[in-house]
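Observations on chain architecture
Given next are the chains, with one letter for each unit.
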Amino acid sequence: MILFLAAQRFPPPEFSETGHKLPGFNTPLPRGPWLEHLDVIVLLAALALAAWLALRRRSRRGLVALGIFSLLYFGFWRKGCICSIGSIQNMAQGLADSSFGVPATVLAFGLAPLVFALLFGRVFCSAVCPHGALQDLMLIKPVRVPVWLEHGLRLIPYIYLGLALVFAATGGGYIICQYDPFVTIFRLSGSVLMVACGIGLLVLGMFVGRPYCRFLCPYGVLLGFASSVSKWRVRITPDTCTQCRLCEQSCPFDAINKSTIDAPSRSMTTDKRLLAAMILLLPVLLIAGGLLGGVTGKNLARKHRIVNLAERVYLEETGKESGTTDASAAFRVTGEPVENLYADARTVRDRYVLAGRLCGLWIALVIGGKLIMLAIRRKRHDYEADQTRCLACARCFTDCPQELQRLGLSVPEGVPLAPPL
Amino acid sequence: MNRRDFFRNMIRGATVLGLGGVFVDLVRKVKADGTVWQIDPWKCIQCGRCATECVLEQSAVKCVHSFNMCGYCRLCTGYFEPQPNKLNTAAENQLCPTGAIFRTFVEDPYYEYTINESLCVGCAKCVKGCTMFGNGSLHLQIRHDRCLNCNECSIARACPSDAIHRVPVAQPYKFKSRESTS
């Protein structure tokens, strides 16, 4: 390569006659660092404002306005990059690969919403995330997803998160960014497939509330974890729940846990047997997950550039394939011995197998945990926003008669009201 | 404090510790400044994917010219078709599909070749011609006034020679020059 690239086949002229000056390079610079810092400041301010609007001010209108701002700023102006959803991949790669540096901006985008979720719940989802804001604004006629389907689809983000981290940590690419349906809309360009997915999800989102957030978003999994132990949280009612059931249908995202007062009682022994069976199933699932994950990891490794190239070069070396691809031709000109490539490919594949096993264990844990949670019957006195699933959109507030009373609005007749505090 | 609140506090504490751990580990590797994507021209094999794989409708990759490497040839293999009718600026003789390279006479027998970036689509046809038979002074670079700096660059993913990587924002270009070799 050095030979044909660096050769000065034609010695550059001196221009002694005319004294011609050589032009230099034109170097348009990237966005200044202060603009990156501005992004972080806007993010923190928007998170704080969203927390205040959802928890303190209890204003749906304010959250919609903030959502529109976030959509314009983080979405259409910043073209959706860098976003918190994608930043988990940079962090995973940073943790796995010691030579990979994570820019401070990316770290801030990845961690700030999690810290806020730990304090105030998923206020990031409500009005700061441009993906969430876009879908929230598109929702016009929410329909209810059947319970069994809801439970099933809610598992997808966990699996997606596992796979995304496998690919990011092994250096195999950022699939969350690659298959992001809405970034094509922010940029008004992209591959046909992803534009179609984006438009399809938006149309679906007119009837099914926030399909990406509920059934795909891998970052939502982490936010859900943080939010489930959050210090403060969104409450449907400002003071006391009177079990009036008015809020029951108000959540388009199926994030309201119903009171179990009216639920039919079941025998304790059946419940206990079911729970015991599910707990015993967990180790079986974990073993199967670990084994399957290892095999899958080995296959996924073939998507990695180095493994793919090594396989191709091996086929060429053994004469099973004639001619070269662009990648193998590029490898040949470097003059690197094939043994080095094979060794690199083996390292990459081993990393994939390890990551695949961990991912398999994770998916098994999620499915087993889900089955156990389904087997547990919780007693619940009030109607409450589910701390993991609630996106803090504030839609349910005005369905609560206590809230209407607090705001000085007319309350539907025949509804039991708690004495004002 | 009841039992459930106690457990909740424990989990919250553990999450804080976990996040703190991730944070500390990453902070040690954190780069205060960001990164941008750039092509290593010494690795580029001029496959032409830069023109089509970029998420922008017109690629952020453009051809640039390292004048101090250029031989100022009369028969420029980056400018002319492989078998040109005549060595003049007629469109039929030009290799560039958009006519983005301009040829001006300097002194006998030298010609200067300048790129009009607004016409260039980054197809690398001229780069290939120049690198194969000339000094390799024409090369591709990602132009940062156009690049969106996506978290994952889709041309980097498609690049067969792994020539596109993140570089520190302070040195956003990897220009070829007579002094810099691979």
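A brief look at the structure comes next.

Cut-off values and rules
- Residues numbered from 1 in each chain as written.
- Chains lettered and ligands numbered in written order.
- Predicted model: local features only at pLDDT ≥ 70, side-chain atom pairs only at ≥ 80, totals over all residues.
- Heavy atoms only, no water.
- Helix = DSSP H or I, 4+ residues; strand = E, 2+ residues; numbered from the N terminus.
- Buried < 20%, exposed > 50% of the residue type's maximum accessible area, 1.4 Å probe, protein only.
- Contact = heavy atoms within 4.5 Å.
- Areas by Shrake-Rupley, 256 points an atom, 1.4 Å probe, with all protein chains shown as cover.
- Buried area = accessible area lost by both parts, 1.4 Å probe.
- Salt bridge = Lys/Arg side-chain N within 4 Å of Asp/Glu carboxyl O.
- Patch = residues over 30% accessible without salt bridge, like charges linked within 9 Å, V, L, I, M, F, W, Y side chains within 5 Å.
- Axes fitted to C-alpha atoms, helices over the stretch in contact; angles between N-to-C directions.
- Parallel < 35°, antiparallel > 145°, perpendicular 65-115°, else oblique.
- Nonpolar A, V, L, I, M, F, W, Y, C, P; charged D, E, K, R; others polar.
- Expected span 1.5 Å × (residues − 1).
- Polar contact = N/O pair within 3.5 Å; in protein donor to acceptor, adjacent residues only side chain to side chain.
- Core = buried A, V, L, I, M, F, W, Y, C linked by side-chain atoms within 4.5 Å.
- Pairing = 2+ DSSP bridges.
- Disulfide = S-S within 2.5 Å.
- 1 Å grid on protein atoms, 1.4 Å probe; cavity = no way out; pocket = protein on both sides within 12 Å on 5 of 7 lines; lining within 4 Å.
- Points joined across faces, edges and corners; volume = space filled by probe spheres on them.
- Phe/Tyr/Trp six-rings, centres within 6.5 Å; stacked < 30°, edge-to-face > 60°.

With that out of the way, let us pick up the overall build of chain A. A tally of helices and strands in chain A yields 19 helices and 2 strands. In terms of overall dimensions, chain A has a C-alpha envelope of 100 × 60 × 35 Å along the principal axes. Put simply, chain A has 421 residues, and 47% of those count as buried. Put simply, 79% of the contacts in chain A that link residues at least 6 apart link residues at least 24 apart. For chain A, the accessible surface area stands at approximately 21000 Å², while carbon and sulfur atoms represent 65% of it.

Residue and element names in this part refer to chain B. With respect to the helices and strands, A90 occurs in the loop between β2 (61-65) and β3 (101-107). The partly exposed category is assigned to A90, whose relative accessible area is 28%. Put simply, A90 and F80 are 10 residues apart on the chain and 9.8 Å apart in space, counted from C-alpha to C-alpha.

With that settled, the discussion passes to the interface of chain A and chain B. The interface is formed by 65 residues belonging to chain A together with 70 residues belonging to chain B. A buried area of about 5600 Å², summed over both sides, lies between chain A and chain B, and 63% of it is on carbon and sulfur atoms. The interface formed by chain A and chain B holds 2 salt bridges in total. Linking D326 of chain A and R49 of chain B is a salt bridge whose minimum nitrogen-to-oxygen distance equals 2.9 Å.

All names here are of chain A. There is a patch of nonpolar side chains on the surface, built from I140, V143, I199, V203 and F207 and spanning about 450 Å² of accessible area. By secondary structure assignment, the location of V203 is in helix α12 (residues 192-205). Judged by relative accessible area, V203 falls into the partly exposed class, the value being 43%.

Here we take up the pattern of salt bridges. Residues and elements named next belong to chain A. Under the counting rule described, the total for this entry stands at 20 salt bridges over all chains. R406 is the salt-bridge partner of E403, the closest N and O atoms lying 3.1 Å from each other. Within this pair, E403 and its partner R406 are both found in helix α19 (residues 401-407), separated by 3 residues, close to a single helical turn. By relative accessible area, R406 is classed as partly exposed at 42%. Taken together, the shared-partner salt bridges in this structure form one network comprising R31, E36, D39 and R78.

Residue and element names in this part refer to chain A. With respect to the helices and strands, the residue Q402 is situated in helix α19. Judged by relative accessible area, which is 2%, Q402 ranks as buried. When neighbours within four sequence positions are excluded, Q402 is seen to be in contact with T237, P238, D239, T240, T242, P416, L417 and A418.

Looking at where E14 of chain A falls in the secondary structure, it is placed in the loop between α1 (2-6) and α2 (33-57). Separated by 107 residues in sequence, E14 of chain A and G121 of chain A have C-alpha atoms that sit 69 Å apart.

Glancing now at the packing of helix α4 (residues 84-96) of chain A against helix α14 (residues 218-228) of chain A. Residue and element names in this part refer to chain A. Running from N to C, α4 and α14 cross one another at 85°; their axes reach a closest spacing of 8 Å. In this view, α4 runs roughly perpendicular relative to α14, as classed from their interaxial angle. For the pair α4 and α14, contact is made by S84, I85 and I88 and by P218, Y219 and L222, respectively. In terms of residue class, the contact of α4 with α14 is made up of 5 nonpolar, 1 polar and no charged.

Residue and element names in this part refer to chain A. For α2, which comprises 25 residues, the first-to-last C-alpha distance of 34 Å matches the rise-based estimate of 36 Å (1.5 Å per residue) to within 8%. Along α2, the residues that are buried comprise L35, D39, V40, V42, L43, A46, L47, A50, A51, L53 and A54. Looking at the packing, one finds that the buried side of α2 touches α3 (60-77), α5 (104-120) and α6 (123-127). R58, located one to two residues past α2, shows a positive phi value of around 50°.

All names here are of chain A. Relative to the elements of secondary structure, S84 occurs in helix α4. Accessibility expressed as a relative area gives 2% for S84, which makes it buried. Between the C-alpha atom of S84 and that of D344, which follows or precedes it by 260 residues, the distance is 32 Å. Look past the residues within four positions of S84 in its chain and what remains in contact with it is F109, P113, F124 and Y219. Among the polar contacts listed, one links the side chain of S84 to the backbone oxygen of F109, at a separation of 2.8 Å.

Moving on: the nonpolar core. Counting residues in each nonpolar core, the largest one holds 98 residues, and the members touching the most others are L43, I85, F124, V128, F182 and Y219 of chain A. Among residues more than four places away in sequence, those in contact with V128 of chain A are L43, A46, L47, A50, S70, F74 and V123 of chain A. Listed in part, the 32 residues of the second largest apolar core include C44, C76, L140 and I142 of chain B.

Here the focus is the pairing of strand β4 (residues 110-115) of chain B. Taken together, the 6 bridges between β3 of chain B and β4 of chain B define a ladder with antiparallel strand orientation. For F105 of chain B, the partnering residue across the bridge sits in β4 of chain B and is Y111 of chain B.

As a further point, take the state of the cysteines. Applying the stated criterion across every chain yields a total of 0 disulfides over all chains. In this structure C393 of chain A is not part of a disulfide, and its nearest cysteine sulfur, from C251 of chain A, lies 5.9 Å away. No disulfide involves C153 of chain B; its nearest neighbouring cysteine sulfur is the one of C147 of chain B, lying 6.5 Å away.

Moving on to the layout of surface pockets. If you add up the space inside the second largest pocket, you get close to 1300 Å³. In this structure, the second largest pocket is lined by 44 residues; those nearest its centre are G171, G172, G173 and R305 of chain A together with D162 of chain B. Looking at the lining of the second largest pocket, the elements that each hand over two or more residues are α9 (156-169), α10 (175-178), α16 (305-317), α17 (326-334) and α18 (338-375) of chain A together with β1 (35-39), α4 (154-158) and β6 (164-168) of chain B. Looking at which element gives the most residues to the lining of the second largest pocket, the answer is α16 of chain A, with 5 residues.

Residue and element names in this part refer to chain A. For the structure on display, the rule yields 22 aromatic pairs over all chains. An angle of 85° between the planes, with centres 5.9 Å apart, marks the rings of F124 and Y219 as edge-to-face. One end of the pair, F124, is in helix α6; the other, Y219, is in helix α14, with 95 residues separating them in the sequence. Just as F124 is buried, Y219 falls in that class too. Look at F225 and W362: their rings are 6.4 Å apart centre to centre, the planes differ by 70°, and that puts the pair in the edge-to-face class. Placement of F225 in helix α14 and of W362 in helix α18 is noted, with a sequence separation of 137 residues between them. Ring-pair connections join several aromatic residues into one group, and the members of that group are F69, Y73, F74, W77 and F109.

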